[in-house]
Every structure is written in structure tokens, then in C-alpha cells.
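Residue-level structural notes
Now for the letters of each chain:
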Amino acid sequence: MQTFRDSAEQERGLAGWSQRYVQSEPGAYRGAIDRLSLPGLTISRERLEIGVEQSTAPPEGKVIFVQALAAPAPWRFNAESCAGGLTGFIRGGEEHLAELPAGTEILMVEADAEAFAAGQGVPAGRMALDAAFLALPEAAEMRALAEWFVMLLDAPGAVSALIPELAFYNLGKLWHRARFGAAFHGGAARRDYRLFRRAEALLRRGELETPSVTVLARELGVPVAELRRAFAQSVGIGPVDWLRRQRFDGARRDLRAASEDTTVTEVAMKWGFVHLGRFSTGYAAHFGEPPSATLRAARAR
């Protein structure tokens, strides 16, 4: 098991995935990932003890099943609320956005698409999803199959030569259910998600002299209320609070990668925090330690 003390560490925990984790809840970060690699297939379980805004792009050429093992509060996935977390298949090779609360536990099963297709007796092209996410309804069969994959993670020494074939068979049962009984995302969620991504790209480019909600909405050509809704549906907060979250995340990443001559003041100024005392107070409240402690730890490594 890999354990993590920072979201920027955990985002690198899944080989082949392009991810960015931004801590969304206050407190000292804790997370973990278990992984089991089998021929043509990888099983992972990810735990988050602090809420995270997760931008994730699974690898291309994979069939990826996701099951919420614990969802103490509703998730958001591509601007759609998921009361019990996710159960279904996500499309690889493109970026998705998830807002995950503290206490989240996720099972992920990745299979090589060509090997999986051969096992199902269908062309590899049939493995392409028609939507970013195919949601399966919660059912006893789904839960039982997910628990079987978790059992393999918990007892890797008991895996026999027959297990990979059985794993492909069980994943095939889930895939069949997804192809013929899955639900697609609604149009409103897709519109909100697209608008959020447009706003995010504009804010990250830093082209707005005054990045207020009014100015951002005008640049995007949408009403302020529509912009606020897109952010609320996608990440659960408004544009101003979201931007502040990103600035704190950027400052923490810079402090963790600091050189000997880096100072807290220059990092704070770089990320638009002009009042050092307020920056330090806000940073400590969010990450569970003052910025000076992050900087000291970086210099000690």
C-alpha cells in the first residue's frame, strides 16, 4: 500500500493516468492507494481522508470500471451529482472532473482493451464508450462483483493462475450490463461542465486583469447566474472561492518544490496573496500547517 501526505503526491499514484488533485477540504492531508497487477489487468483501491477536486485522464486503450466502495457524501462527476458515488465505466484518453468528499474509497479495474475485447469475442473498436461515463444502477450483483475484486487486493498471495481469466470474465459481466442497461449524463450537466471548463481555461491563462465573476461571465458571453451554476454543479463552490483554492494549491506546490533561496513572501506574491499574514493564516487553516513548515520540510528533503 502506498500512503500519501499531500494531494500532489497521490495524483501520481496511478501509473499511466494524467491527474491533478487539489485539496478541497481543510486539514492535514492523508490518502492511500492499493494496486494489484495481473496479466492484462490492474486492480486499484484509492482512499481519500480529505476532500479532493480531481482532474483525471485515464490512459487510452483501457476499459476502466469504477465502483464507489464508500461515499459518505454525494460526489460530483463532470457536473453531475452522484448521491452514492459512481458505479460504471469511464472513458479513457480524456479528462474528467470529480469532486470527492473526505472518506471516499474507490475501486478501479483497468483492462487492456484489445485483450478484453478478444476475451469477449468482439472487435476492439466495440470497447469505445458512447459517453464519458456509463453509469450502472446500484444492484446486489454489482456490489458482489466489486467485493470480489477487493478480495483480490486484500489477499494478493492467494491469487492463482486461473484468477486473471476469471477477472476478465467478471469484468465482462459488468461490461455487458453497462452496454445494455447504463444511464447517460443529462444535457444540463454536460452544458454546465463545458462552461466550467471554458472558464477554467480562461482563468488559468491569467488573461483577466480583474478576475471577478462579472468580468469572467462577460468574457464568456453568459449570464452571471449561469456561470455560478456551472461552478456549483462542477466543483460545489463559486468562481471566486474556486480560484482562491487553486491559488493556495499553486503556492503549496511551489513551497514543496522550493530551492534554498525561496521565501514564503515571494511564493505568496507570485500567487496573488499581497497580505502575508492573511496568506499564512488561510494556508494553515486549509493545509493544517503554516507555509513556513512546508518550506522547512522541502529544504530538509
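Quick caveat: nothing in here was measured; it's all calculated off a predicted structure.

One open sheet holds the 5 strands; their spatial order is β2-β5-β10-β7-β8, and the pairing between them is antiparallel. Only two strands of the sheet have a single neighbouring strand rather than two, namely β2 (18–23) and β8 (80–82). Taken over all neighbouring pairs, the strand axes of this sheet differ in orientation by 20 degrees on average, direction set aside. Across the sheet, helix α8 (residues 239–256) touches β2, β5 (52–57) and β10 (96–100), and the angle it forms with β2 is around 105 degrees.

Taken as a whole, the largest pocket spans an internal volume of roughly 290 Å³. Lining the largest pocket are 14 residues; nearest its centre among them are L203, R204, G206, L243 and R247. Here the element with the most residues in the lining of the largest pocket is α8; it accounts for 5 residues. Grouping the constituent residues of the lining of the largest pocket by class yields 7 nonpolar, 2 polar and 5 charged.

By the element assignment, D192 lies in helix α5 (residues 187–205). Engagement of the side chain of D192 in a polar contact is seen with the side chain of R229, the distance being 3.1 Å. With residues near it in sequence (within four places) discarded, D192 still touches A79, R229, A230, Q233 and S234.

Our next topic: the sheet that holds strand β4 (residues 41–48). The pairing of strands in a sheet comes from backbone hydrogen bonds and takes either a parallel or an antiparallel form. Spatial strand order, β1-β3-β4-β11-β6-β9-β12: 7 strands in an open sheet with antiparallel pairing. Whereas interior strands pair on both sides, the edge strands pair on one side only; in this sheet they are β1 (2–4) and β12 (133–135). With direction set aside, neighbouring strand axes in the sheet form an average angle of 20 degrees. In the packing of helix α2 (residues 113–120) onto the sheet, the strands contacted are β6 (62–70) and β11 (104–112), and the crossing angle to β11 comes to about 75 degrees. Helix-sheet contacts for helix α3 (residues 140–154) involve β3 (31–38), β4, β6, β9 (87–90) and β11, and the interaxial angle to β4 is about 95 degrees.

What follows concerns the pattern of salt bridges. The final tally for this structure, using the stated rule, is 22 salt bridges. Across the salt bridge formed by D34 and R47, the nearest N and O atoms sit 3.3 Å from each other. Of this pair, D34 sits in strand β3 while R47 sits in strand β4, and the two are 13 residues apart along the sequence. Taking relative accessible area as the criterion, D34 reaches 9% and is therefore assigned buried. Where R204 meets E200, a salt bridge forms, and the shortest distance between an N and an O atom there is 3.2 Å. Residue R204 and its partner E200 are both found in helix α5; the two are separated by 4 residues, about one turn of the helix.

It is worth spelling out the packing of aromatic side chains at this point. With the rule as written, the count across this model stands at 12 aromatic pairs. With 5.6 Å between their ring centres and 85 degrees between their planes, F196 and W242 make a pair best called edge-to-face. Placement of the pair is F196 in helix α5 and W242 in helix α8, with a sequence separation of 46 residues. For the residue pair F196 and W242, the accessibility class agrees, reading buried in each case. Linked through ring pairs, F248, F273, F279, Y283 and F287 together constitute an aromatic cluster. The cationic tip of R247 hangs over the ring face of F273; the distance from NZ or CZ to the ring centre is 4.1 Å. R252 extends its terminal NZ or CZ atom over the ring of F287, reaching a point 4.7 Å from the ring centre.

With a probe scaled to a water molecule rolled over the atoms, the places where space remains empty come into view. Considering all chains together, one arrives at 1 cavity of 30 Å³ or more under this definition. Here the largest cavity is characterised by a volume of approximately 140 Å³. In terms of lining residues, the largest cavity is bounded by 15 residues, among which Q54, T56, V66, I90 and I106 are the most central. Broken down by class, the residue content of the lining of the largest cavity amounts to 11 nonpolar, 3 polar and 1 charged.

For the pair α8 and helix α10 (residues 276–287), the least separation of the axes is 11 Å and the interaxial angle reads 90 degrees. Relative to α10, α8 is oriented roughly perpendicular. From α8, R244, F248, D249, A251, R252 and L255 reach across to α10, where they touch F279, G282, Y283 and F287.

So, how was this worked out
Residues numbered from 1 in each chain as written. Predicted model: local features only at pLDDT ≥ 70, side-chain atom pairs only at ≥ 80, totals over all residues. Heavy atoms only, no water. Pairing = 2+ DSSP bridges. Helix = DSSP H or I, 4+ residues; strand = E, 2+ residues; numbered from the N terminus. Axes fitted to C-alpha atoms, helices over the stretch in contact; angles between N-to-C directions. Contact = heavy atoms within 4.5 Å. 1 Å grid on protein atoms, 1.4 Å probe; cavity = no way out; pocket = protein on both sides within 12 Å on 5 of 7 lines; lining within 4 Å. Points joined across faces, edges and corners; volume = space filled by probe spheres on them. Nonpolar A, V, L, I, M, F, W, Y, C, P; charged D, E, K, R; others polar. Polar contact = N/O pair within 3.5 Å; in protein donor to acceptor, adjacent residues only side chain to side chain. Salt bridge = Lys/Arg side-chain N within 4 Å of Asp/Glu carboxyl O. Buried < 20%, exposed > 50% of the residue type's maximum accessible area, 1.4 Å probe, protein only. Phe/Tyr/Trp six-rings, centres within 6.5 Å; stacked < 30°, edge-to-face > 60°. Lys NZ or Arg CZ within 6 Å of the ring centre and 35° of its normal. Parallel < 35°, antiparallel > 145°, perpendicular 65-115°, else oblique.

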